[in-house]
Amino acid sequence: MRKNFGAQTWLFPMPVLIIGTYSDGDLPNAMNAAWGGIHDHNQIAVCIDPPHKTAENLLKRGFFTVSCGTAERVVECDYVGIVSGNDEPRKIAAANLHARKGEFADAPVFDEFPVALECKLVSFDPKTGCTVGEILNVTADESVLDEKGNITFDKFHPLIYDPVSHNYYSVGTTAGKAFCDGKKLKK
């Protein structure tokens, strides 16, 4: 038996995405955006409510970063989601985050988040906040790379959001091998 919940914004898992932009005067800003994902082979889409400081910033500069929140930084991730850059322009310093300019995008990359996408704004819908960015580069700290130089979940613990319980969880154990396990059912 199944239970119906009606139309909800429940998709599991929802990545915790930290959107980085620069405010006037090159002041770094970040927000927590739980609604987002890959849009096309070289694009990402995220929802950024038009009144957010992040929306204003990316429309002015045309660039942003998308960092993956981590279990180790859950407090900082939540903080940049509950404190508005409109109210607290120096929230990056208050969160004890450290930003440096991206190599490919005019937007901040945060040292505390080991994986980030540097993006150029493609489109922004002022009614819905749907933001599409072209992925210019993916950057990863060496601390989350395996011996082959690839990002590994053994060292990188991305944060996910549960929209029902409003809890954060960490991605962990391997459940199977993609493009391989399904072959067991082939005849």
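The structure this text deals with has already been given above.
Since the model is a prediction, treat every value here as computed from it, not as a measurement.

Draft legend 1. Structural view of the nonpolar core. The biggest cluster of nonpolar side chains holds 15 residues, and the ones touching the most others in it are Ile-19, Ile-44, Val-46, Ile-48, Phe-64, Val-66 and Cys-119. For this core, the elements supplying multiple residues, two or more each, are strand 2 (17-23), strand 3 (27-33), strand 5 (43-47), helix 1 (53-61), strand 6 (63-68) and strand 9 (115-124). Looking at this core element by element, the count peaks at four residues for strand 9.

Draft legend 2. Seen up close, unusual backbone geometry. A cis amide bond links Phe-12 to the next residue, Pro-13, at an omega of -15 degrees. A positive phi angle is found at Asn-96, which is not glycine, with a value near 60 degrees. Position of Asn-96 among the secondary structure elements: in the loop between helix 3 (91-94) and strand 7 (99-101).

Draft legend 3. Focus on the state of the cysteines. Evaluated as defined, the whole model comprises zero disulfides. Free cysteine: Cys-68, not disulfide-bonded; nearest cysteine sulfur from Cys-77 at 9.8 Å.

Draft legend 4. Fine view of the pairing of strand 9. Burial of strand 9 is extensive: seven of the 10 residues sit out of reach of the surface. With five bridges connecting them, strand 6 and strand 9 associate as antiparallel partners. Residue pairing for strand 9: Thr-65 is matched across the bridge by Glu-118. As defined by bridge partners, strand 9 adjoins strand 10 (residues 130-140) across nine bridges and the pair is classed as antiparallel. Note that in strand 10 the partner of Ala-116 across the bridge is Thr-139. Here strand 9 folds back onto strand 10 in antiparallel fashion, the turn holding five residues, of which Gly-129 has a positive phi close to 80 degrees.

Draft legend 5. Inspection of the sheet that holds strand 3 at higher detail. One open sheet holds the seven strands; their spatial order is 3-2-6-9-10-5-4, and the pairing between them is antiparallel. With partners counted over all chains shown, the strands left at the sheet margins are strand 3 and strand 4 (36-40), one partner each. For this sheet the average axis-to-axis angle between neighbouring strands, irrespective of direction, equals 35 degrees. Running over the sheet, helix 1 touches strand 2, strand 3, strand 6, strand 9 and strand 10 and is turned about 60 degrees from strand 2. Along the sheet, helix 2 (residues 74-82) makes contact with strand 2 and strand 3, crossing strand 3 at roughly 95 degrees.

Basis of the calculations
- Residues numbered from 1 in each chain as written.
- Predicted model: local features only at pLDDT ≥ 70, side-chain atom pairs only at ≥ 80, totals over all residues.
- Heavy atoms only, no water.
- Core = buried A, V, L, I, M, F, W, Y, C linked by side-chain atoms within 4.5 Å.
- Buried < 20%, exposed > 50% of the residue type's maximum accessible area, 1.4 Å probe, protein only.
- Helix = DSSP H or I, 4+ residues; strand = E, 2+ residues; numbered from the N terminus.
- Disulfide = S-S within 2.5 Å.
- Pairing = 2+ DSSP bridges.
- Axes fitted to C-alpha atoms, helices over the stretch in contact; angles between N-to-C directions.
- Contact = heavy atoms within 4.5 Å.

Purely geometric numbers; function is a separate question.
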